[in-house]
Amino acid sequence: MGKNIVEKIIDSHIVEGTPGAGNEIGIRIDQTLTQDATGTMAYLEFEALGYDRVQTELSVSYVDHNTIQEGFENADDHAYLESVARRYGIRFSRPGNGICHQVHLERFGLPGKTLLGSDSHTPTGGGVGMAAIGAGGLDVAVAMGGGPFYLTYPRVIKVELTGHLRNWVSAKDVILRVLDILSTRGNVGCAIEYGGSGVATLDVPERATITNMGAELGVTMSVFPSDDVTREWLKAQGREKGWIPLAADPDAAYDRTIEINLSELVPMAACPHSPGNVAPLKELDGMKVDQVLIGSCTNASFRDLMLVAQILKDRKVCPHVTLGVSAGSRQVLEMIAHNGALADIVGAGARVLESVCGFCIGNSLAPGSDAVSVRTNNRNFFGRSGTPSAQVYLVSPEAAAAIALAGVMVDPMKYLATTHFHEIVQPARFHIDDSMVAGTGAPDRGAAIVRGPNIGEPPSNESCPDTLAGVAAIKVGDKVTTDDIMPAGNRLKYRSNVPRYAEFVFERTDPEFSARALANKNEGRHNVIIAGDSYGQGSSREHAAICPMFLGVKMVVAKSIERIHRANLINFGIIPALFVDGADYEKIERGDEVHVSGVRDALAGEGRLELRNPKNSISVAVRVDLSEREKGHLLAGGLINAMRKSI
Ligand code: MIC
Ligand code: SF4
């Protein structure tokens, strides 16, 4: 039988295990990317593992998240990252060069290659036909050192696109429709492959908007074919040499097929507080809007901002609206500056922001109390904007521009119906200037590594205890995100300092959690987290495992756990247990004692454990499904311990 695209790329990179949905496999990683917020820890781990250079074809370290530089911490991190990059042969994309995923797509992504990134939106690279996967920093560190990346061989869902998008309907509306169908949970272990006649109507940045938000579905990766459109894009980026064709075989099989007729789509929005909470924009018509922010790794390409400029030209933003615009990369910014589109955006009254994550990670432009904020990024989790009472809606750039003019929610198809539409044509040649990317990829073994006082130690852990004498230190509900566990925003600058950052674990849900957990730990009691479905959605931040580990958390017991977070828990020696019977979630309350014996034998064997509460004699059965490799890591107290033993 023929192969689909996902199988073609994965099978050509397998170094351990055998193809087949559900099998654990190890694949060779061709390229890696890190960003500064996850990168400092990834490189501390890379150093702790004792590698002397990167072994990949290409590894790039980006600085795009922590660029506020309020205090010395961010600048210290940047200096550390730059020096580590020089020493080990990593390319270094300087602050201001753009958001990692946008820059990587423009300058480095290649069809048929594997890319592993310490950021959950790494699958953006699927827009150019890569198998691009998000992971925790430690997994990326191992891949940089030449080790395989382990994953579950995915079940592949095909999204068959037909027709073509109408004016004012956008790639964002395609992925919002997919989210509407598949929702944000239940997709762990799947990959999405786009196909059908509609594919050829979408250019690479549009495809990348769609693959970017595959992260919100919880799938491992999303991939488009590599076709003439891909070739033209690479050519315009001066990189045609790296093009290869990539298509599914005619008899390729899929786990499931979903059909979307692009011609039937309408402008949509993801409503508070989940990217899967989708509604047609016309249903929100007339709702007053306070803030509109256009940017992020999802929707800030040249095409997107040219369209925004076209809509704003010779018009004014509604006076009660703050409009912020941020180009996804310096390439985009320079091009719209040269061709005058930036002047149209500024002339309309927009605030122009740096080409970084900025508002998307909640470290700037927090909305006012109860404000309605309309954004083009990918996540609208509760509180992520920096303002818990704000209502955040996610839309396309064309809808955002129309809403900024109207001051209320509008459907751009109706609002802009009479606006003359010039189709945005991809330039034959983008503005190419890689001078903001330092290094050649060769290591400089004599380079000194710069460690300011914000650079802490890599995390360490003891091996897994045989008996847990614990307490349910917190009980949370469904769809708890890594933003809920480890807030970003103004706490981001502590990423390189685990004890300090650990003070903010579950800050928004339970501000006393950190102190309480630490006190338990100091009294010799183990902490257990009780959770509902889809625990650990969202970001790849491994701090959502490292900081709980620091506070003495030994086990998470949930109804289900998301892929990247589950891997991070194992990497840092926290047992990812699942209720055998989901109804048992009701049997454990915060503060209950949780005793578990025979932990080591159970983990080495079938993974069946009994949680007992000696006070009320309630017992709850849980299971820990582990591969042999994962068993070794968990018993050693995490991947760093396990690798140190084997090196
Ligand atoms: C995000 O969008 O949530 C982030 C910030 O990019 C994270 C990474 C991080 O927490 O540093 C992600 O998506 O993985
Ligand atoms: Fe940055 Fe936002 Fe993209 Fe995360 S989702 S990489 S914070 S722009």
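Here, every reference points to the structure presented above.
Below, the structure is looked at part by part. Everything quoted here is computed from the prediction, not taken from an experiment.

1. Here's the deal with the overall build of the protein
- From N to C terminus, the protein includes 22 helices and 27 strands.
- The globule rule puts the C-alpha radius of gyration for 647 residues at 26 Å, and the 24 Å found for the protein is close to it.
- Expressed as lengths along the three principal axes of its C-alpha atoms, the size of the protein is roughly 70 × 55 × 50 Å.
- In the protein, buried positions account for 63% of the 647 residues.
- Nonlocal contacts in the protein, meaning residues at least 24 apart in sequence, comprise 77% of its contacts between residues at least 6 apart.
- Total accessible area on the protein stands at roughly 21900 Å², and carbon and sulfur atoms take up 48% of it.
- A gap of 2 Å separates the mean positions of the 63 positive and 76 negative side-chain charges of the protein.

2. Let's talk about the nonpolar core
- If you look at the biggest cluster of nonpolar residues, it comprises 77 residues, and the most contacted ones within it are Phe506, Phe513 and Tyr535.
- Considering each element in turn, this core owes the most residues, six residues, to helix α5 (residues 137-144).
- If you look at the next biggest cluster of nonpolar residues, it comprises 67 residues, including Leu234, Ala236, Val332 and Val372.

3. Concerning the sheet that holds strand β20 (residues 437-438)
- As summarised here, the arrangement of the six strands in space is β7-β6-β3-β4-β5-β20, forming an open sheet in which the pairing is mixed. Each edge of the open sheet is held by one strand with a lone partner, namely β7 (131-134) and β20.
- Inspection of the sheet shows strand β5 (residues 91-93) paired to β20 by two bridges, in the antiparallel sense. From the neighbouring strand, Ser93 faces β20, where its bridge partner is Val437.
- Each of β3 (31-35), β4 (58-62) and β6 (114-117) touches α5; the most contacted strand, β3, lies at about 140° to it.

4. Considering the site of ligand 1
- For ligand 1, the set of nearby residues contains 14 residues, the closest of which are His65, Asp119, Ser120, Ser540 and Arg541.
- The side chain of Ser539 places a nitrogen or oxygen atom 3.0 Å from an oxygen atom of ligand 1.
- With respect to ligand 1, the backbone of Ser540 contributes an N or O atom lying 2.7 Å from an oxygen atom.
- Residue composition of the shell around ligand 1, grouped by class: two nonpolar, seven polar and five charged.

Rules and cut-offs
Residues numbered from 1 in each chain as written. Chains lettered and ligands numbered in written order. Predicted model: local features only at pLDDT ≥ 70, side-chain atom pairs only at ≥ 80, totals over all residues. Heavy atoms only, no water. Helix = DSSP H or I, 4+ residues; strand = E, 2+ residues; numbered from the N terminus. Rg over C-alpha atoms; globule rule 2.2 N^0.38 Å. Buried < 20%, exposed > 50% of the residue type's maximum accessible area, 1.4 Å probe, protein only. Contact = heavy atoms within 4.5 Å. Areas by Shrake-Rupley, 256 points an atom, 1.4 Å probe, with all protein chains shown as cover. Lys, Arg positive; Asp, Glu negative; His and termini not counted. Charge placed at Lys NZ, Arg CZ, Asp CG, Glu CD. Core = buried A, V, L, I, M, F, W, Y, C linked by side-chain atoms within 4.5 Å. Pairing = 2+ DSSP bridges. Axes fitted to C-alpha atoms, helices over the stretch in contact; angles between N-to-C directions. Near = heavy atom within 4 Å. Polar contact = N/O pair within 3.5 Å; in protein donor to acceptor, adjacent residues only side chain to side chain. Nonpolar A, V, L, I, M, F, W, Y, C, P; charged D, E, K, R; others polar.

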